[in-house]
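What the coordinates show
Chain by chain, the residues:
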Amino acid sequence: MAVAQQKGGDGKTASVVHFAFDFFERGHRVAVVDLDTQGNASHTLEQFASGYAASAMFSESADKLSAHFGELSEGPLLSLIAADKDLANMEELDFDEAKECFKSNIEALAKSGYDIILIDNAPSLGTTLAASLYAADSVISPIKPEYYSIMGIKKMLTVIANVRKTNTKLQFMGMVPSMVDMRNPSHVQNLAELQEAYPKLMIPLTIGLRSSIADALADQMPVWQIKKTSARKAAQEMRALAAYAIEKMEIK
């Protein structure tokens, strides 16, 4: 599953990281591929680092990846393929070769025994984002109810529609309102307009603007491990979104 939006600061990494923790706690084998050069997901999940670099997914053979991961251990597993400085050079690669290489490596991860592969994308349209959509089975897009985010999602929907012409299995799970401040009148109005404009594409959940989520990411843990009363609502929202994603992916 790819998590993608062309606007930064919309909660992509928070979603990916909490999906990873939740799915892992459910007993799944989860791999996270961090394609964002900022490396925020890599920071939060560094205790689960696999030692394999994300840039290698675009240039190294699937055989090399399979040899690196080998035979997975029994039981739940969480592995990070961390962002690295060479991700900044991906635009220099031949696009068709890079996307095919990335897809082959994603397939190799699946064959090695991972149940779920999560891909965190940079907030821009380029080789890495296009390749991730080309390789993914599903994509979800967090959206902050603000003008630039709404403009970004319109472009993102066009990109997804174009990719689906080639990757026909790609399922758009929908847009999830993220970092929503219900005390902000413009957030309330924009959210209502989004729901009216895209009634079939809006996920029926909302992630509020909550400092506890940022605190959890910085402390390298899921928000439900934050020992503050203020984190309870954020935990409920993140758990609900993870449950929604699991159901849509039809993973038992």
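Here we summarise the structure given alongside this text. (Residues numbered from 1 in each chain as written. Predicted model: local features only at pLDDT ≥ 70, side-chain atom pairs only at ≥ 80, totals over all residues. Heavy atoms only, no water.)

Our focus in this paragraph is the pairing of strand β3 (residues 49-53). Judged from the two bridges that link them, β3 and strand β4 (residues 77-82) form a sheet pairing that is parallel. Opposite Ala53, over in β4, you have Ala82 as the bridge partner. (Pairing = 2+ DSSP bridges. Helix = DSSP H or I, 4+ residues; strand = E, 2+ residues; numbered from the N terminus.)

A contiguous patch of negative charge on the surface is contributed by Asp94, Asp96, Glu97, Glu100 and Glu107. For Glu97, the position within the fold is in helix α4 (residues 95-112). In this structure Glu97 comes out as exposed when scored by relative accessible area, which is 58%. (Patch = residues over 30% accessible without salt bridge, like charges linked within 9 Å, V, L, I, M, F, W, Y side chains within 5 Å. Areas by Shrake-Rupley, 256 points an atom, 1.4 Å probe, with all protein chains shown as cover. Salt bridge = Lys/Arg side-chain N within 4 Å of Asp/Glu carboxyl O. Lys, Arg positive; Asp, Glu negative; His and termini not counted. Charge placed at Lys NZ, Arg CZ, Asp CG, Glu CD. Buried < 20%, exposed > 50% of the residue type's maximum accessible area, 1.4 Å probe, protein only.)

Glancing now at the packing of aromatic side chains. All chains considered together, the criterion is met by seven aromatic pairs. Taking the centre distance of 5.3 Å and the plane angle of 75 degrees together, the rings of Tyr147 and Tyr148 count as edge-to-face. Neither Tyr147 nor Tyr148 differs from the other in exposure class; each is exposed. Taken together, Phe21, Phe24 and Phe48 form an aromatic cluster joined through their ring pairs. The lysine or arginine in question, Lys99, covers the ring of Tyr134, its NZ or CZ lying 4.3 Å from the ring centre. Across the ring face of Tyr134, the terminal group of Lys103 is positioned such that the distance to the ring centre comes to 4.9 Å. (Phe/Tyr/Trp six-rings, centres within 6.5 Å; stacked < 30°, edge-to-face > 60°. Lys NZ or Arg CZ within 6 Å of the ring centre and 35° of its normal.)

A few words now on the packing of α4 against helix α5 (residues 127-135). Closest axis-to-axis distance for the α4/α5 pair is 9 Å, and the angle between their directions is 50 degrees. As summarised for this structure, α4 and α5 are arranged oblique, according to the angle between their axes. Regarding α4 and α5, the two cross each other, and that crossing is right-handed. Of the residues in α5, those in contact with Phe95, Ala98, Lys99, Glu100, Phe102, Lys103 and Ile106 of α4 are Thr127, Ala130, Ala131, Ser132, Tyr134 and Ala135. Classifying every residue of the contact of α4 with α5 gives eight nonpolar, two polar and three charged. (Axes fitted to C-alpha atoms, helices over the stretch in contact; angles between N-to-C directions. Parallel < 35°, antiparallel > 145°, perpendicular 65-115°, else oblique. Left-handed = near helix turned anticlockwise from the far one by under 90°. Contact = heavy atoms within 4.5 Å. Nonpolar A, V, L, I, M, F, W, Y, C, P; charged D, E, K, R; others polar.)

Of all six residues in β4, five are buried; the element is thus mostly enclosed. Both strand β2 (residues 29-34) and β4 contribute to a ladder of five bridges, which runs parallel. Bridge pairing in β4 places Ala31 opposite Ser79.

In terms of nonpolar packing, the biggest core is built from 47 residues, with Val33, Met57, Phe58, Phe102, Ile106, Leu109 and Leu133 touching the most fellow members. By residue number, the principal contributor to this core is helix α6 (residues 147-163), which donates seven residues. Discounting residues that sit within four places of it in the chain, Val33 has contacts with Met57, Ile81, Phe102, Ile106, Leu109, Ile117, Leu118, Ile119 and Asp120. With 39 residues, the next largest nonpolar core counts Phe21, Phe23, Val176 and Met249 among its residues. (Core = buried A, V, L, I, M, F, W, Y, C linked by side-chain atoms within 4.5 Å.)

Counting through the fold element by element, Ser55 comes out in the loop between β3 and α3 (62-69). Side chain to side chain, Ser55 and Asp84 meet in a polar contact 2.7 Å long. Sequence-distant contacts of Ser55, that is, excluding residues within four places in its chain, are made with Asp84, Asp86, Leu87 and Met90. (Polar contact = N/O pair within 3.5 Å; in protein donor to acceptor, adjacent residues only side chain to side chain.)

Attention now goes to α5. Burial within α5 is extensive, with nine of its nine residues counted as buried. Regarding α5, the residues found buried are Thr127, Thr128, Leu129, Ala130, Ala131, Ser132, Leu133, Tyr134 and Ala135. Turning to α5, the residues buried within the fold contact β1 (2-3), α4, β5 (116-120), β6 (138-143) and α6.

The strand order β3-β4-β2-β5-β1-β6-β7 describes an open sheet built from seven strands, whose pairing is parallel. Where the open sheet ends on each side, the last strands, each with one partner, are β3 and β7 (171-177). By the bridge criterion, five bridges tie β2 to β5 in an arrangement that is parallel. Following the sheet pairing, Val30 is matched in β5 by Ile116. Packed onto the sheet, helix α9 (residues 231-249) meets β5, β6 and β7 and runs at close to 170 degrees relative to β7.

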